[in-house]
Amino acid sequence: MRQPDEDQQLIVLLQDPATARRGFEQMVRLYSERIYWQVRRIVLTHEDADDVLQNTFIKAWSNLNTFHGDAKLITWLSRIAINESLDFVRKQKRHTLMSVDEDDTGIANQLMADDYFDGDETEAQLQEAIAKLPDVQRTVFLLRYYDEMPYAEMSQVLKTSVGALKASYHHAVKKITEFFHTHD
């Protein structure tokens with residue numbers, strides 16, 4: 001885990017035009033794996049996650065001037081990554097015309113066929129249940145369950161109240177539990 005003063009030094013590099021590129025390269029090295037996994041859980045496949053990750057860092061680079069150090073770097077990057085991921089998923093949904101029957105097996109089959117997926121059938125079913133959640137519930141569940149992100153930090157990333165996040169998480173868990181009960 002990075003120390004706050006180390007993050008502060010990185011922020012200083014990013015805010016100085018003479019050292020911004022070096023700071024950005026450091027930021028990419030430090031945070032790309034963590035951001036990759038946040039993205040991957042939302043978009044599911046390795047190739048799509050790589051594309052979204054690249055778009056995330058492109059957007060971060062082009063918006064460096066909007067980062068003023070009010071939030072932690074990881075919070076700022078997570079906000080960009082989650083927005084990019086959700087945009088990607090929405091575009092995929094618009095371009096993919098699947099019947100309800102195909103949708104029931106599509107995600108699990110897609111994951112099991114992915115060379116980079118190292119989970120088992122239960123994990124694939126969990127991902128299928130998560131994919132059926134509304135965007136906000138899915139995002140809250142993923143950040144809380146996999147990243148163990150505190151609600152206070154999630155509130156900054158998603159720009160919503162802690163109470164709303166807790167309610168979304170509760171509803172997501174309930175829907176996932178129901179999914180497993182109906183797919184026994």
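Higher on the page you've got the structure.
Here's what I pulled together on the structure shown here. This is a predicted model, so every value here is computed, not measured. (Residues numbered from 1 in each chain as written. Predicted model: local features only at pLDDT ≥ 70, side-chain atom pairs only at ≥ 80, totals over all residues. Heavy atoms only, no water.)

Attention now moves to the overall build of the protein chain. The number of helices and strands found in the protein chain is nine helices and zero strands. Counting helices and strands in the order they occur from the N terminus, the protein chain gives α-α-α-α-α-α-α-α-α. Each of the 184 residues in the protein chain was classed as buried or not, and the buried ones make up 43%. In the protein chain, of all internal contacts separated by at least 6 residues, the share reaching a separation of at least 24 is 61%. Surface accessibility of the protein chain: about 10600 Å² in total, with carbon and sulfur atoms responsible for 51%. (Helix = DSSP H or I, 4+ residues; strand = E, 2+ residues; numbered from the N terminus. Buried < 20%, exposed > 50% of the residue type's maximum accessible area, 1.4 Å probe, protein only. Contact = heavy atoms within 4.5 Å. Areas by Shrake-Rupley, 256 points an atom, 1.4 Å probe, with all protein chains shown as cover.)

A word on the packing of helix α8 (residues 151-158) against helix α9 (residues 162-182). As a packed pair, α8 and α9 sit with axes 9 Å apart at the nearest point and diverge in direction by 100°. It follows from the interaxial angle that α8 and α9 lie roughly perpendicular. Facing α8, whose interface residues are Tyr 151, Ala 152, Met 154, Ser 155 and Leu 158, α9 presents Val 162, Leu 165, Lys 166 and Tyr 169. Counted by class, the contact of α8 with α9 contains seven nonpolar, one polar and one charged residues. (Axes fitted to C-alpha atoms, helices over the stretch in contact; angles between N-to-C directions. Parallel < 35°, antiparallel > 145°, perpendicular 65-115°, else oblique. Nonpolar A, V, L, I, M, F, W, Y, C, P; charged D, E, K, R; others polar.)

Before going further, it helps to spend a moment on the pattern of salt bridges. With the rule as written, the count across this model stands at six salt bridges. A salt bridge links Glu 84 to Lys 59; the shortest N-O distance between them is 2.8 Å. Taken together, the residues span a long stretch of sequence, with Glu 84 in helix α4 (residues 73-95) and Lys 59 in helix α3 (residues 46-62) at a distance of 25 residues. The buried category is assigned to Glu 84, whose relative accessible area is 12%. (Salt bridge = Lys/Arg side-chain N within 4 Å of Asp/Glu carboxyl O.)

So, about unusual backbone geometry. Positive phi is not limited to glycine here, since Glu 148 has a value of about 50°. Along the polypeptide, Glu 148 turns up in the loop between α7 (135-145) and α8.

For Glu 153, the location among the structural elements is in helix α8. In this structure Glu 153 comes out as buried when scored by relative accessible area, which is 10%. Discounting residues that sit within four places of it in the chain, Glu 153 has contacts with Arg 34, Lys 72, Ile 74 and Thr 75.

Now for α3. Here α3 contains 17 residues, and its C-alpha end-to-end distance of 24 Å stays within 8% of the 24 Å for a straight helix at 1.5 Å per residue. Taken residue by residue, α3 has His 46, Asp 48, Ala 49, Val 52, Leu 53, Thr 56, Phe 57 and Ala 60 as its buried positions. The buried residues of α3 occupy one face: seen down the axis, they fall within an arc of 165°. (Expected span 1.5 Å × (residues − 1). Arc of directions from axis to C-beta.)

Counting 47 residues, the largest nonpolar core has Met 27, Tyr 31, Ile 35, Val 43, Leu 73, Trp 76 and Leu 77 as the members making the most contacts within it. Sorting the residues of this core by element identifies α1 (4-15), α2 (20-43), α3, α4, α6 (121-131), α7, α8 and α9 as the ones contributing at least two each. Ranked by residues supplied to this core, first place goes to α4 with 10 residues. Those residues within four positions of Val 43 in sequence are excluded, and the remaining contacts are Asp 48, Ala 49, Val 52, Ser 85, Phe 88 and Val 89. (Core = buried A, V, L, I, M, F, W, Y, C linked by side-chain atoms within 4.5 Å.)

The next subject is the packing of aromatic side chains. Counted according to the given criterion, the structure contains eight aromatic pairs. For the ring pair Phe 179 and Phe 180, a centre distance of 5.8 Å and an interplane angle of 85° mean the geometry is edge-to-face. One aromatic cluster in this structure is built from Phe 141, Tyr 145, Tyr 146 and Tyr 169. The ring centre of Tyr 151 lies 4.2 Å from the NZ or CZ of Arg 144, which sits over that ring. (Phe/Tyr/Trp six-rings, centres within 6.5 Å; stacked < 30°, edge-to-face > 60°. Lys NZ or Arg CZ within 6 Å of the ring centre and 35° of its normal.)

Moving on: the packing of α6 against α9. The geometry of α6 relative to α9 is characterised by a closest axis approach of 9 Å and an angle of 125° between their N-to-C directions. Considering their axes alone, α6 and α9 lie oblique with respect to each other. In this structure, α6 meets α9 at a crossing whose hand is right-handed. Residues Thr 122, Gln 125, Leu 126, Glu 128, Ala 129 and Ile 130 of α6 pack against Ile 176, Phe 179 and Phe 180 of α9. Class assignment for the residues of the contact of α6 with α9 results in six nonpolar, two polar and one charged. (Left-handed = near helix turned anticlockwise from the far one by under 90°.)

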